[in-house]
Amino acid sequence: MLNQSNVEIGEQFLSAYSAHNWEGIRKLLHPIVKWTLPGDGAISGTAEGIDAVINRVKSIVDGKVYTQLHGILVGQFGLTLALHNSAVSEDGRVLEEELATVLTIESGLITKIDTYLSDVAGMEQYFIK
């Protein structure tokens, strides 16, 4: 069942993210993967390729971001992770945002990640360039 295997890929991605398992993430990504994230923060723009995507995940982890899963929404060619991010930096900056991360999956690998944020300005202030 394709949709169920896509859910499993999403769950594996979140699990590897939480465990800081970079090899686990690497195994889920297609070599041509692209990840778009809005705004003009240090993590914004398009990350192209496996290494760039993993480096973006590392930047988010380095920002001490706590990610909570609200749910997984299933589509025909992928899924959406409904998430909440929160963090407080050492200098007191606060991140509180709802987000949807859409994973496009082909042949069992993530080919595209598109993230949509509830507070782009807040993310930009937290992840200052």
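These notes cover the structure that comes with them. (Residues numbered from 1 in each chain as written. Predicted model: local features only at pLDDT ≥ 70, side-chain atom pairs only at ≥ 80, totals over all residues. Heavy atoms only, no water.)

1. Section: the pairing of strand β3 (residues 66-74)
Basically, it comes down to this: We treat two strands as partners when DSSP finds at least two bridges between them. We count a stretch as a helix when DSSP gives it H or I for four or more residues in a row; a strand needs E for two or more, and each element gets its number in order from the N terminus.
Of the strand pairs in this sheet, β3 and strand β4 (residues 78-88) are connected by 8 bridges, and their pairing is antiparallel. By the bridge assignment, G71 is partnered in β4 with A82. If you look at the hairpin formed by β3 and β4, you'll find 3 residues sitting between the two strands.

2. Things to note about the nonpolar core
Quick note on the threshold: The definition of a nonpolar core used throughout is a set of buried Ala, Val, Leu, Ile, Met, Phe, Trp, Tyr and Cys residues joined through side-chain atoms within 4.5 Å. Working definition: with a 1.4 Å probe on protein chains only, accessible area under 20% of the residue-type maximum means buried, over 50% means exposed, and in between means partly exposed. Two residues qualify as a contact provided that any one of their heavy atoms is within 4.5 Å of a heavy atom in the partner residue.
Ranked by internal contacts, the top residues of the largest apolar core, which has 34 residues, are L29, W35, V65, I110 and I113. Elements represented by at least two residues in this core include exactly α1 (2-19), β1 (29-37), α3 (50-62), β4, β5 (94-106), β6 (109-117) and α4 (120-126). Ranked by the residues each element gives to this core, the list is headed by α3, at 6 residues. Ignoring anything within four residues of it in the chain, the contact list for I113 reads F13, L29, K34, W35, T36, V53, T101, V102 and L103.

3. Here we look at the packing of aromatic side chains
Basically, it comes down to this: Only Phe, Tyr and Trp rings are paired, with Trp represented by its six-membered ring, and only when their centres lie within 6.5 Å; those with planes under 30 degrees apart are stacked, over 60 edge-to-face, the remainder tilted. Two conditions define a charge located above a ring, namely a distance within 6 Å from the ring centre to NZ of Lys or CZ of Arg, and an angle within 35 degrees of the ring normal.
With the rule as written, the count across this model stands at 1 aromatic pair. Above the face of the W35 ring, R56 is positioned so that its terminal group lies 5.2 Å from the ring centre. Seen from the ring of Y126, R93 lies directly overhead, with NZ or CZ sitting 5.5 Å from the centre.

In short, geometric facts, not functional conclusions.
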